[in-house]
Amino acid sequence: MADSDSARGDDGRARLVGINHVACEVGDIDAALEFYKSLFAFDLRSRSDTHAFLDMGDQFIALAETDAAGDEIDDARHFGLVVDDTDRVFERLETLEIDRLDEPGLEIRDPWGNRVQIVDYAEIQFAKADHVLEGMGLGDLDKTDDALAELAAKGIAPDSE
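These lines cover the structure that appears in this document, whether it is placed above or below. Throughout, residues of each chain are indexed from 1 in the direction in which the sequence is written. Owing to the predicted nature of the model, reporting of local features is limited to residues with pLDDT of at least 70; listing and counting of side-chain atom pairs is limited to 80 or more, with chain, interface and lining totals taken over all residues. With hydrogens and water set aside, each side-chain value is computed from the structure's full complement of heavy atoms.

**Here's the deal with the sheet that holds strand 5 (residues 79-83)**
When DSSP locates at least two bridges between a pair of strands, those strands are taken to pair. The helix count covers DSSP runs of H or I at least four residues long, the strand count covers runs of E at least two residues long, and both are numbered beginning at the N terminus. Read across the open sheet, the three strands follow the order 5-7-6; overall the sheet is mixed. The open sheet has two edge strands with one neighbour each: strand 5 and strand 6 (107-109). On average, adjacent strands in this sheet sit at an angle of 30 degrees to one another, irrespective of strand direction. Pairing analysis gives five bridges linking strand 5 to strand 7 (residues 115-120), with the strands arranged parallel. Residue pairing for strand 7: Gly80 is matched across the bridge by Gln117. Only the stretch in contact is used when a helix axis is fitted, and all axes are lines through C-alpha atoms; the angle between N-to-C directions ranges over 0 to 180 degrees.

Next comes the structure, spelled out in structure tokens:
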């Protein structure tokens, strides 16, 4: 574990604050939009012939159409998506006959081999600001006691009302 001065960036380095976006290569932008729309509800931030941006409030996923998409697939590299209800994702996967990876939790690959881990907002130490959740129509999302305890241990738990 890093010492607290280093973690605060007191040594001249910038501090990590968050992730603005994740970029994924796909073989066909229209097919990629159909795949992701079949699983998740989202607003399309913008798109072009070869790029699409899936909005997640103050973050987004950038899909980029490339000829090399899916050429190299590895087992470790992945990104995690936070959803409001993982049970709904399980149901959609079954309905659409999309295979889950043989891993604990909920992981899939999109048609181009991008590995996606799907986690429930309530269960993790990730919290969007209340005004962002409200703006996304998700103001009623809650955290489990365990997730709140993890946030509290870091001194970053949301205010109790």
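**Focus on the nonpolar core**
Here the nonpolar core consists of buried residues drawn from Ala, Val, Leu, Ile, Met, Phe, Trp, Tyr and Cys, with membership extended through side-chain atoms lying within 4.5 Å. Only protein chains enter the accessibility calculation, which uses a 1.4 Å probe; a residue whose area is less than 20% of its type maximum is buried, one above 50% is exposed, and one in between is partly exposed. Core analysis: the biggest nonpolar cluster contains 25 residues, and Tyr36, Phe40, Leu63, Ile108 and Ile118 have the highest contact counts within it. For this core, the secondary structure elements donating two or more residues are strand 1 (21-26), helix 2 (29-39), strand 3 (51-56), strand 4 (59-65), strand 5, helix 3 (86-96) and strand 7. With six residues, helix 2 is the largest single contributor of residues to this core. What makes two residues a contact is simply this: any of their non-hydrogen atoms within 4.5 Å. Contacts of Ile108, omitting those with residues within four sequence positions, involve Phe35, Leu39, Leu93, Ile98, Asp99, Arg100, Leu101, Asn114, Arg115, Val116 and Ile118.

**Looking at the packing of aromatic side chains**
Only Phe, Tyr and Trp rings take part, Trp by its six-membered ring, and two of them pair if their centres are within 6.5 Å. Stacked means planes under 30 degrees apart, edge-to-face means over 60, and tilted covers everything else. All told, the structure shown has three aromatic pairs when counted by the stated rule. Summarising the aromatic geometry, the rings of Phe35 and Tyr36 are spaced 5.1 Å apart at their centres and angled 90 degrees between planes, so their arrangement reads as edge-to-face. Taken individually, Phe35 and Tyr36 each receive the classification buried, so the pair is uniform in this respect. Judged by centre distance (6.2 Å) and plane angle (85 degrees), the ring pair of Tyr121 and Phe126 falls under edge-to-face. Residue Phe126 is classed as partly exposed on the basis of its relative accessible area, which comes to 26%. Two thresholds decide whether a charge sits over a ring: the Lys NZ or Arg CZ must be within 6 Å of the ring centre and within 35 degrees of the ring normal. If you follow Lys143 out to its NZ or CZ, it ends over the ring of Tyr121, 3.6 Å from the centre.

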